[in-house]
Amino acid sequence: MGGLQVYVPLVVAQIANWTSEGERWVTGVDFGGEAFFGGATIGAHFFGSTLSASDLEPVILEFQGDTTSGPADGWASKGAVYIRGAGGYAYAGTGYLPFAAYVLNPDGSKGRQVNVSFVEAVNCSNMRWDMGLLLDPDDFGGTIPDECELSLGGREYIFIHKSDYNEGADYNDENFAPTADVMYAIWPAQRGTRPYLQAPFTLSFAPTVPLSSGDRFSFTVQGAVTDDPELKRQAVEQINVFPNPYFGFSRLETNRFQKFVTFTHLPEKATIRIFTLAGIPVRVIEHDSPSQFERWDLTNQDGIPVASGIYLVHIDTPYGEKVLKLAIVQEEQILQRY
């Protein structure tokens, strides 16, 4: 009886891959995320999200190389800002970002623009997503304080939302953006010594596609090839015999009077000739069957059990020849006739 089993692996909701094009001046801070050098994950794995895995869509972030050419007072977009302090995260209003986020259509083209929100540290806020790089040391008495954490990108987390872009107008303390409809969360930082706004670049994220009850799988298989001469010539090399060596019995034997070895991978027609090492003919077996198997009952042409020893087996087929060595160790025999 044959059958076919289809295995569908479990798909875990996460970022499947990310890509970047252009002179990227941003990297990720490794907090254990699955993408962007450990600095990005889906919203549900960061602070949380109201979205399910099936709500996630691929996105592209388009970064500017300036803050003068964008549609939002020269910046690329606006978004809700939350200030991180001892009491948590407080809504601070609308800030500016040097990039805009868009959903990618199934054909890879850029689709609708979506909202982006971000975080700044208390006492280090300028309502600009800049990873603290635009802060003026003179505003801090000559030295930017450690609490601004510039080495960690100022902890200016980015949240990519699913909602249509409206400058983040719907987010506030009640509709808390960091745990709202967040598709992706990113913890960015300056990439080496590359300056802020060095050049335009893009950053894309694509999610895994989760399984659902509506999924359907289809596939085709090639039909069995049963009459290909070339394949049959190749199959001659697979002809073999088992058990080899034969040590007095085989697990396939059902009683002590039933002794045999089995030849395998035979074509429909084959002639099996068995010889001693001295070249003395022992037995000829004509295989004429669609089965690939043929048994030898370990007797000679007269039906007498053969002696222990090494035997040569020559197998002649319409597609080629094969020579095997077969070792037989017989148990003690008591002949019923002689």
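Residues numbered from 1 in each chain as written. Predicted model: local features only at pLDDT ≥ 70, side-chain atom pairs only at ≥ 80, totals over all residues. Heavy atoms only, no water.

K.L.:
Before we go on, may I ask you to explain a nonpolar patch on the surface in this structure?
P.N.:
Residues Leu4, Val6, Val8, Leu211, Phe217, Phe219 and Val221 make up a contiguous nonpolar surface patch of about 720 Å² in total accessible area. Residue position: phenylalanine 219 is located in the loop between β12 (201-207) and α1 (229-235). Since its relative accessible area comes to 48%, phenylalanine 219 is described here as partly exposed. (Patch = residues over 30% accessible without salt bridge, like charges linked within 9 Å, V, L, I, M, F, W, Y side chains within 5 Å. Areas by Shrake-Rupley, 256 points an atom, 1.4 Å probe, with all protein chains shown as cover. Salt bridge = Lys/Arg side-chain N within 4 Å of Asp/Glu carboxyl O. Helix = DSSP H or I, 4+ residues; strand = E, 2+ residues; numbered from the N terminus. Buried < 20%, exposed > 50% of the residue type's maximum accessible area, 1.4 Å probe, protein only.)

K.L.:
What should I look at first to understand empty space enclosed by the protein in this one?
P.N.:
A complete count under the given rule lists one cavity of 30 Å³ or more for this structure. By volume, the largest cavity amounts to about 30 Å³. Surrounding the largest cavity, Ala121, Cys124, Met131, Gly132, Leu135, Cys148, Leu150, Gly154 and Glu156 form its lining. (1 Å grid on protein atoms, 1.4 Å probe; cavity = no way out; pocket = protein on both sides within 12 Å on 5 of 7 lines; lining within 4 Å. Points joined across faces, edges and corners; volume = space filled by probe spheres on them.)

K.L.:
It is not clear to me how the sheet that holds strand β20 (residues 320-329) should be interpreted in this structure. Could you clarify?
P.N.:
The strand order across the open sheet formed by five strands is β14-β20-β19-β16-β17, and the pairing between neighbours is mixed. Of all strands in the sheet, those bounded by a partner on one side alone are β14 (246-247) and β17 (281-288). Bridging between strand β16 (residues 269-276) and β17 involves seven bridges; their strand directions are antiparallel. Looking at β17, one finds that threonine 271 is bridged to glutamate 286. (Pairing = 2+ DSSP bridges.)

K.L.:
When you look at the pattern of salt bridges in this model, what are you seeing that I'm missing?
P.N.:
Oppositely charged side chains are able to pair whenever their charged atoms sit close together. Scanning all chains against the criterion turns up eleven salt bridges. Glutamate 149 is paired through a salt bridge with arginine 155; the nearest N and O atoms lie 2.8 Å apart. With relative accessibility at 22%, the residue glutamate 149 sits in the partly exposed group. Exposure remark for arginine 155: the relative accessible area of 23% places this residue in the partly exposed category.

K.L.:
What exactly am I supposed to notice about the state of the cysteines here?
P.N.:
Where two cysteines share a covalent bond between their sulfur atoms, that bond is called a disulfide. Summed over all chains, the structure comprises one disulfide. One disulfide bridge connects cysteine 124 with cysteine 148, the sulfur atoms lying 2.0 Å from each other. Disulfide cysteine 124-cysteine 148: torsion about the S-S bond near -85 degrees, hence left-handed. Of the two residues, cysteine 124 sits in the loop between β8 (110-121) and β9 (158-164) while cysteine 148 sits in the loop between β8 and β9, which places them 24 residues apart along the sequence. (Disulfide = S-S within 2.5 Å.)

K.L.:
I'm lost on the sheet that holds strand β15 (residues 261-264) in this one. Help?
P.N.:
Strand-to-strand pairing in sheets goes through backbone hydrogen bonds, with the strands running parallel or antiparallel. Across the sheet, which stays open at both edges, the three strands sit in the order β13-β15-β18 with antiparallel pairing between neighbours. Sheet topology places β13 (240-242) and β18 (294-296) at the edges, where each strand pairs with a single neighbour. Within the sheet, the average angular offset between the axes of one strand and its neighbour, ignoring direction, is 30 degrees. Relative to β18, β15 is paired through three bridges, and the arrangement is antiparallel. Pairing of phenylalanine 263 across the sheet is with glutamate 294, part of β18. (Axes fitted to C-alpha atoms, helices over the stretch in contact; angles between N-to-C directions.)

K.L.:
I would appreciate a short explanation of the environment of valine 122 in the present structure.
P.N.:
On the secondary structure map, valine 122 appears in the loop between β8 and β9. Sequence spacing of valine 122 and tyrosine 82 is 40 residues, and the spatial spacing of their C-alpha atoms is 9.4 Å. Not counting chain neighbours up to four residues away, the residues in contact with valine 122 comprise Ile83, Arg84, Gly85 and Glu147. (Contact = heavy atoms within 4.5 Å.)

K.L.:
Would you take a moment to explain the packing of aromatic side chains for this structure?
P.N.:
Geometrically, a pair of aromatic rings is defined through the distance of the ring centres and the angle of the planes. Within this structure, the stated rule accounts for 25 aromatic pairs. With 5.8 Å between their ring centres and 45 degrees between their planes, phenylalanine 36 and phenylalanine 37 make a pair best called tilted. Looking at phenylalanine 36, the relative accessible area reads 0%, which means it is buried. Taking the ring centre of tyrosine 102 as reference, the NZ or CZ of lysine 110 above it sits at 4.3 Å. Taking NZ or CZ as reference, arginine 295 lies 3.9 Å from the ring centre of phenylalanine 260, over its face. (Phe/Tyr/Trp six-rings, centres within 6.5 Å; stacked < 30°, edge-to-face > 60°. Lys NZ or Arg CZ within 6 Å of the ring centre and 35° of its normal.)

K.L.:
What is the right way to read the environment of alanine 90 from this model?
P.N.:
By secondary structure assignment, the location of alanine 90 is in strand β6 (residues 88-97). A sequence separation of 29 residues divides alanine 90 from valine 119, and the C-alpha atoms of the two residues are 9.4 Å apart. Apart from the residues lying within four places of it in its own chain, the contact partners of alanine 90 are Val81, Tyr82, Ile83 and Asp173.

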